[in-house]
Structure formats: structure tokens, C-alpha cells
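# Inside the fold
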Amino acid sequence: MKQVRNTKQRQIVLNVVQEHHDHPTAEQIFIDVREKDEKISRGTVYRNLHHLAQKNEILHVRIPGADRYDWRIDLHYHLVCTKCGEVSDLALPYNPSLDDKVEEATGYKVERHRTIFEGICPACQDKMD
Ligand SMILES: [Zn+2]
Ligand SMILES: [Zn+2]
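Residues numbered from 1 in each chain as written. Chains lettered and ligands numbered in written order. Predicted model: local features only at pLDDT ≥ 70, side-chain atom pairs only at ≥ 80, totals over all residues.

## A look at the packing of helix α1 (residues 2-19) against helix α3 (residues 42-54)
Interaxial distance between α1 and α3 falls to 9 Å at its minimum, and their mutual angle equals 75°. Relative to α3, α1 is oriented roughly perpendicular. Where α1 abuts α3, its residues Gln9, Arg10, Val13 and Leu14 lie against Thr44, Val45, Asn48, Leu49, His51 and Leu52. Here the residues of the contact of α1 with α3 are counted per class, giving five nonpolar, four polar and one charged. (Axes fitted to C-alpha atoms, helices over the stretch in contact; angles between N-to-C directions. Helix = DSSP H or I, 4+ residues; strand = E, 2+ residues; numbered from the N terminus. Parallel < 35°, antiparallel > 145°, perpendicular 65-115°, else oblique. Contact = placed C-beta atoms within 7 Å. Nonpolar A, V, L, I, M, F, W, Y, C, P; charged D, E, K, R; others polar.)

Below, the structure written as C-alpha cells:
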């Protein structure tokens, strides 16, 4: 029975991440998961997030300040607003030639690169005027 409960909990965590398209923090996911299963502990949610990211079912995005989770698992770049902390996807394609250049320059076998652009989002710019 414990196994069934574990699987169910993992599915709830996965569903919550996939319902969000705004790169939620683990804490935001925990709050939403609790609405669906009030007995689930914070540790269980965090553990399941880690497991799902390891299995490549969700993406763990390391953003300064707080780790975020992403329903999108394809390689893509992120933008983070240094004012409000919003994290969004960049609508530019992943550039594999950068990986090739780094391989040539360093001899590394490059698997991928992760890039985060930092700046001020349009909404925050409006508030500054
Ligand atoms: Zn902002
Ligand atoms: Zn993303």
C-alpha cells in the first residue's frame, strides 16, 4: 500500500508542476500540492521534485535566489527579472554551435549549456517611469 501512496504522491507533484507555466519555486509547488493532498509533507514534495528532475520528467532551473521547476524539459534559455523575480522562457532557439565552440576551445565533451539572462522585465520598467 505504501508503494501505491508513493506513486500517487509523485503523480500529484508532477501534475502541479505541469499546471504551472511560470517556473514555480519548490515552496509554491508545496502549497498547491497541499490543496490536493493535505497530508503530504514538505519533505515528500521536495524529495519527489528532486526525483522527477533526476528522471527528466521536469526541469530543475537553478536561478539565483530560489530553485525553480519547469514543466518544459526541452533545452531552452531563461530570463529572470532582477526586480520582481519573474522567470520566463526566452523565445529564441537553443544554440548548439556554442557547445561545439566550447568543445574546440577546451577539449571538454560538452553536454549542454544553461543560460540565464538577467534584467528588468517590461512590467517592472513600466512601474519605474
Ligand atoms: Zn519584473
Ligand atoms: Zn522554462
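## A closer look at the domain arrangement of the chain
Along its sequence, the chain is organised into domain 1 (1-73) and domain 2 (74-129). Placing a centre on the C-alpha atoms of domain 1 and another on those of domain 2 gives a separation of 23 Å. Taken residue by residue, the interface counts seven residues in domain 1 and eight residues in domain 2. Partitioning the side of domain 1 that touches domain 2 into residue classes produces three nonpolar, two polar and two charged. (Domains from an automatic or database assignment.)

## Points about unusual backbone geometry
The phi angle of most residues is negative, glycine excepted, and most peptide bonds adopt the trans form. Of note in this structure, histidine 23 is not a glycine but carries a positive phi near 55°. Here histidine 23 lies in the loop between α1 and α2 (26-36). Positive phi is not limited to glycine here, since asparagine 56 has a value of about 65°. Within the secondary structure layout, asparagine 56 lies in the loop between α3 and β1 (59-63).

## Here's the deal with the nonpolar core
Counting residues in hydrophobic clusters, the biggest one holds 15 residues, and the most contacted among them are Val13, Val16, Val17, Ile29, Val33, Val45 and Tyr69. For this core, the secondary structure elements donating two or more residues are α1, α2, α3 and β1. Top element by residues in this core is α1. It accounts for four residues. Sequence-distant contacts of tyrosine 69, defined by excluding residues within four places in its chain, comprise Val17, His23, Pro24, Ala26, Ile29, Leu49, Ile58, Leu59, His60 and Val61. (Core = buried A, V, L, I, M, F, W, Y, C linked by C-beta atoms within 7 Å. Buried ≥ 20, exposed ≤ 12 C-beta atoms within 10 Å, placed from the backbone.)

## So, α1
Taking 1.5 Å per residue, 18 residues should reach 26 Å; α1 reaches 26 Å between its end C-alpha atoms and fits that length. Buried within α1 are the following residues: Gln9, Ile12, Val13, Val16 and Val17. Along α1, the residues classed as buried sweep out an arc of 135° about the axis, all on the same side. Away from its buried face by more than 90 degrees, α1 exposes Gln3, Val4, Thr7, Lys8, Gln11 and Glu19. Turning to α1, the residues buried within the fold contact α2, α3 and β2 (66-70). (Expected span 1.5 Å × (residues − 1). Arc of directions from axis to C-beta.)

## Examining the environment of proline 96
Along the polypeptide, proline 96 turns up in helix α4 (residues 96-106). Look at proline 96 and you get exposed, because 12 C-beta atoms sit within 10 Å. Separated by 14 residues in sequence, proline 96 and valine 110 place their C-alpha atoms 10.0 Å apart.

## Quick look at the sheet that holds strand β4 (residues 87-89)
Strand order across the open sheet formed by three strands is β4-β3-β5, with mixed pairing between neighbours. With partners counted over all chains shown, the strands left at the sheet margins are β4 and β5 (116-119), one partner each. Pairs of neighbouring strands in the sheet enclose a mean axial angle of 25°, with direction left out of account. As defined by bridge partners, strand β3 (residues 78-81) adjoins β4 across three bridges and the pair is classed as antiparallel. The residue bridging leucine 79 from the neighbouring strand is serine 88, located in β4. (Pairing = 2+ DSSP bridges.)

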